[in-house]
2 protein chains.
Amino acid sequence: MVNNVCVLGAGSTKYGKLSQSIIELGLDAAKGAIDSAGITPKDIQAGYISNVFGVADKQVHMAPVLMSNLGIPHVPGLTIESACGSGSVMFREAYANVAAGFYDCVLGVGVEKVTHTGTTLSTTLFSYCSDFFYEGGNGASFPGLFASIARAYLNKYKATEEDLAYVAIKNHENGLLNPKAHIRKSITVDDVLNSPVVASPLKVYDCCPFSDGASAVILCTEEFAKKIGNDYVRVIGSGRGGSPAAVQSREDITTIPSTIIAANQAYKMAGVTPKDIDFAEVHDCFTIAEIIDIEDLGFFKKGTGGVAAREGITKRTGEIPINPSGGLKSKGHPIGATGIGQVVEVYEQFTGKAGERSVKDAEIALTHNFGATGASAAVHVFQKV
Amino acid sequence: MVNNVCVLGAGSTKYGKLSQSIIELGLDAAKGAIDSAGITPKDIQAGYISNVFGVADKQVHMAPVLMSNLGIPHVPGLTIESACGSGSVMFREAYANVAAGFYDCVLGVGVEKVTHTGTTLSTTLFSYCSDFFYEGGNGASFPGLFASIARAYLNKYKATEEDLAYVAIKNHENGLLNPKAHIRKSITVDDVLNSPVVASPLKVYDCCPFSDGASAVILCTEEFAKKIGNDYVRVIGSGRGGSPAAVQSREDITTIPSTIIAANQAYKMAGVTPKDIDFAEVHDCFTIAEIIDIEDLGFFKKGTGGVAAREGITKRTGEIPINPSGGLKSKGHPIGATGIGQVVEVYEQFTGKAGERSVKDAEIALTHNFGATGASAAVHVFQKV
């Protein structure tokens, strides 16, 4: 590794059920990132895209189309897929290439467009991200798999469905302050508990929505960032890990091994411990996931993540704010974009652009994003400059 | 860049219309690569997959499934997509990570499984790799786009359909010596010229087949390779480039800018010129593509690539053998695997495993692989050790 790497700019579309094409969404986010960085497309030496189901909007091989539309057709690009963790894995590859000195400045665009296919086809497509031979192919969709995980967790740690509800309530509260969030609506414990059951014990309000959207970042060397002269955020830790692909193959399904591996790598590289993290954006595709994440990331002891949510410790104004953006639960989950959207939040928090949802006195932040039921995960640590 | 990078092992399934699942194909190739390298799965620190249409076999997020089946579930993986150029772009990312010192030893697996969807759906899916708004969406499939390119080339350089035929004849000759080739059949000029027209001037024998298949390589530092003690091949040059995504946006459609950019980068890095290349595996999805490739790569002057084929200069025993493996035309084109399959050929040629199709006295080789109509391309240069 030869270079310090920074996030010099970030942009995002609104997340939600959107009418634009996948290319229009990607371009919108990319232009936002380029503008906020204060660079021009000609400064970009490579394009990294994260996307899972381009096929749903009939555009695969997206990088050349995006680069061409940005007026830089000769710049090489590629697409990275790692299910719902695609964004963070793409970020890691872009990071690695800049750190290694292959490029000084690259564009990372995460994008997804699926809502037009409808809930049934989306659920089917998403199930292809499971270990399909064992899971999706036998009818185990992601709500079902996370329901099994939730049931095991509630049993093992005597946690309650109410604990899960507090995660949803908090993330909806945060999302209310995020103009780009998909679901901006205040909810109560009763709303969650009385919402229709999706896969017991998970109810509608325990599940993140299917979203369209795009998020983009400019990654560059610190030298390049200083030359441009705009605010930037330093990337100080990066880690990746894997878990047995099928949930049934794991020894303990109330923990996600890939998160622990990725976090330990990232903490070690950054020279920090969980106590040093001032806020985190974590992968809350279902409420149970956030509870498991914040334990696996080392913020809370195993079995106490639910208590943390209930007691308000993870609120935006609590001891360790989790998902100040609203998370996947409220901000939304355009799967290829999600991991990059987390970095956008860190950039906005650390450069004074988070408005009402700003986390006070934050200097070190973490992003955590996984694929499927955590078969793959990536963790990054960022420092305010 | 801190490390010299090597290919220590390589494996491949047969290419063709295959009955195994996409995961079975990937595992088969991966195990071949691991065995030939003389390592065990535990030596692998990361898995790089290249694939475009996993969705066609209902398995996206393939890396965790492959890693789990290899007994190394905690090793992180990812999938890279760049249409028909996915394999070489994945190879470049794996290369970059080893060169930069992030990993000592990684597995690269290219895989595709599409033939079960039939020719019509495959053609439709593949068209999503074009600039769909301008091309696929208006009915311009890849045979049609390459037919436009071929027509322009024949007109501009007074080349003939017979010139194109000689590319097919040569690659079929080479493929006859490759036990893993999809189409092993000797053909004549008359066979090609009298075969059914697909999109004039391209006929059936000007087109590569839709194939299933997988190819895999082990990439590692030279230090690691020496420690293992088996034969290896050194990677000495790597380059990537882009072209305007839609063919209609290019100034001259008889040349592919991304090839020229990628080749110049790779030559410069390797410290070689086109004259130093002893053989090359190039992207011959259609016969016209090989003719344009060998010009853009600097082996022949513009407009003379067809003459080169007709005069036998690019035969396996000619001055500059092109596609000794049989190329996409005869060996086959499982799109996510193709670029890695080219590296497998270089490895087998340089480690005495190419049998009857060995190229005499070769020491420097090149691989060239592009996506779509060349919207993306990657070139690598290899040295026999």
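The shown structure was predicted, so the numbers you read here are calculated from the model rather than taken from an experiment. Each chain has its residues counted from 1, following the order in which its sequence is written. Here every chain gets a letter starting at A, and every ligand a number starting at 1, in the order they are written. Restriction of local features to residues with pLDDT of at least 70 applies here, the model being predicted, together with a cutoff of 80 or more for giving and counting side-chain atom pairs; totals for whole chains, interfaces and linings are based on all residues.

**Quick notes on the overall build of chain A**
Looking only at helices and strands, chain A features 13 helices and 11 strands. Over its C-alpha trace chain A gives a radius of gyration of 19 Å, about what one expects of a compact globule, namely 21 Å for 385 residues. Exposed residues have 12 or fewer other C-beta atoms within 10 Å of their own C-beta, buried residues have 20 or more, and partly exposed residues fall in between, where C-beta atoms are placed from the backbone. Evaluated residue by residue, chain A yields a buried proportion of 66% over its 385 residues. For chain A, the proportion of contacts with a sequence separation of at least 24, taken over those separated by at least 6, is 77%. Helix and strand definitions here come from DSSP, where helices need a minimum of 4 consecutive H or I residues and strands a minimum of 2 consecutive E residues; each element is numbered from the N-terminal end. C-alpha atoms define the radius of gyration in this analysis, and the globule rule sets the expected value at 2.2 Å times the number of residues to the power 0.38. Contact between two residues is assigned when their C-beta atoms, built from the backbone, lie within 7 Å.

**Regarding the interface of chain A and chain B**
At the junction of the two partners, chain A supplies 51 residues and chain B supplies 51 residues. Those elements that place two or more of their residues in the side of chain A that touches chain B are helix 2 (62-69), strand 3 (77-81), helix 3 (86-99), strand 8 (233-242) and helix 9 (257-270) of chain A. Of the residues in the side of chain A that touches chain B, the class split is 30 nonpolar, 16 polar and five charged. Any two strands with at least two DSSP-identified bridges between them are counted as paired. When strand 3 of chain A meets strand 3 (residues 77-81) of chain B, the two strands line up antiparallel, connected through three bridges. Paired with A:Thr79 across the two strands is B:Glu81, which belongs to strand 3 of chain B. Gly counts as polar in this scheme, as do all residues outside two lists: the nonpolar Ala, Val, Leu, Ile, Met, Phe, Trp, Tyr, Cys and Pro, and the charged Asp, Glu, Lys and Arg.

**What about helix 3 (residues 86-99) of chain B?**
With 14 residues, helix 3 of chain B extends 20 Å between its outermost C-alpha atoms, agreeing within 8% with the 20 Å of an ideal straight helix rising 1.5 Å per residue. Just downstream of helix 3 of chain B, B:Gly101 is the residue with a positive phi angle, here 90 degrees. Expected helix span is given by 1.5 Å per residue-to-residue step, counting one fewer step than there are residues.

**Some details on the packing of helix 6 (residues 161-176) of chain A against helix 10 (residues 287-296) of chain A**
Residues and elements named next belong to chain A. Note on geometry: axes are C-alpha line fits, over the in-contact stretch for helices, and angles between N-to-C directions span 0 to 180 degrees. Contact pair helix 6 / helix 10: the axes reach a minimum separation of 8 Å and the direction vectors enclose 95 degrees. It follows from the interaxial angle that helix 6 and helix 10 lie roughly perpendicular. Between helix 6, through Leu164, Val167 and Ala168, and helix 10, the contact on the second element is made entirely by Thr287, Ile288, Glu290 and Ile291. Counted by class, the contact of helix 6 with helix 10 contains five nonpolar, one polar and one charged residues. Orientation categories follow fixed angle ranges, with anything under 35 degrees roughly parallel, anything over 145 roughly antiparallel, 65 to 115 roughly perpendicular, and all other angles oblique.

**What about unusual backbone geometry?**
All names here are of chain A. Cis geometry is found at the peptide bond from Ser200 to Pro201, where omega equals 10 degrees. With respect to the helices, strands and loops of the structure, Pro201 is situated in the loop between strand 5 (197-199) and strand 6 (202-203). Of note, the phi angle at Lys58 is positive, near 60 degrees, even though the residue is not glycine. Along the chain, the position of Lys58 falls in the loop between strand 2 (46-50) and helix 2.

**Points about the nonpolar core**
Considering soluble globular proteins, one finds that nonpolar side chains tend to be buried as a cluster. Counting residues in hydrophobic clusters, the biggest one holds 280 residues, and the most contacted among them are A:Val7, A:Ile218, B:Val7 and B:Ile218. Leaving out residues up to four positions away in the same chain, A:Val7 has contacts with A:Val217, A:Ile218, A:Leu219, A:Tyr232, A:Val233, A:Val235, A:Val343 and A:Tyr347. The nonpolar core is taken to be a set of buried Ala, Val, Leu, Ile, Met, Phe, Trp, Tyr and Cys residues joined by way of C-beta atoms within 7 Å.

**Topic: the domain arrangement of chain A**
Residue and element names in this part refer to chain A. Domain ranges listed in this record stem from an automatic or a database domain assignment. In terms of domain boundaries, chain A breaks down into domain 1 (5-117 + 211-233) and domain 2 (122-210 + 239-384). Computed from C-alpha coordinates alone, the two centres of domain 1 and domain 2 are separated by 23 Å. Taken together, the contacts link 37 residues of domain 1 with 39 residues of domain 2. Residue contributions to the side of domain 1 that touches domain 2 peak at six residues, all from helix 3. Split into classes, the residues belonging to the side of domain 1 that touches domain 2 amount to 16 nonpolar, 16 polar and five charged.

**What about the pairing of strand 3 of chain A?**
Residue and element names in this part refer to chain A. With respect to burial, strand 3 is a largely interior element, five of its five residues being buried. The two faces of strand 3 match: Gly77, Thr79 and Glu81 on one face and Leu78 and Ile80 on the other face are all buried. Note: strand 2 against strand 3, four bridges, orientation parallel. Residue pairing across strands places Gly47 opposite Gly77, the latter belonging to strand 3.

**As for the environment of B:Thr79**
Among the secondary structure elements, B:Thr79 is positioned in strand 3. When the C-alpha positions of B:Thr79 and B:Val60 are compared, they lie 8.8 Å apart, and in sequence the two are 19 residues distant. Look past the residues within four positions of B:Thr79 in its chain and what remains in contact with it is A:Glu81, A:Ser82, B:Ile49, B:Asn51, B:Met62 and B:Ala63.

**Some thoughts on the relation of the copies chain A and chain B**
With an RMSD of 0.0 Å, the operation that places chain A on chain B is a rotation of 180 degrees combined with a shift of 0.0 Å along the axis. As the rotation angle and translation indicate, the two copies are arranged about a two-fold axis. A symmetric contact is evident, with 100% of the interface residues of chain A recurring at the interface of chain B. When the copies are superposed, the least-squares fit takes in the C-alpha atoms of residues with a pLDDT of at least 70 in both.

**Considering the confidence of the model for chain A**
The predicted model of chain A has a mean per-residue pLDDT of 97, with 100% of residues at 70 or higher. Predicted as a complex, the structure gets a pTM of 0.98 and an ipTM equal to 0.97. Confidence of the predictor in every single residue is expressed as pLDDT, which spans 0 to 100.

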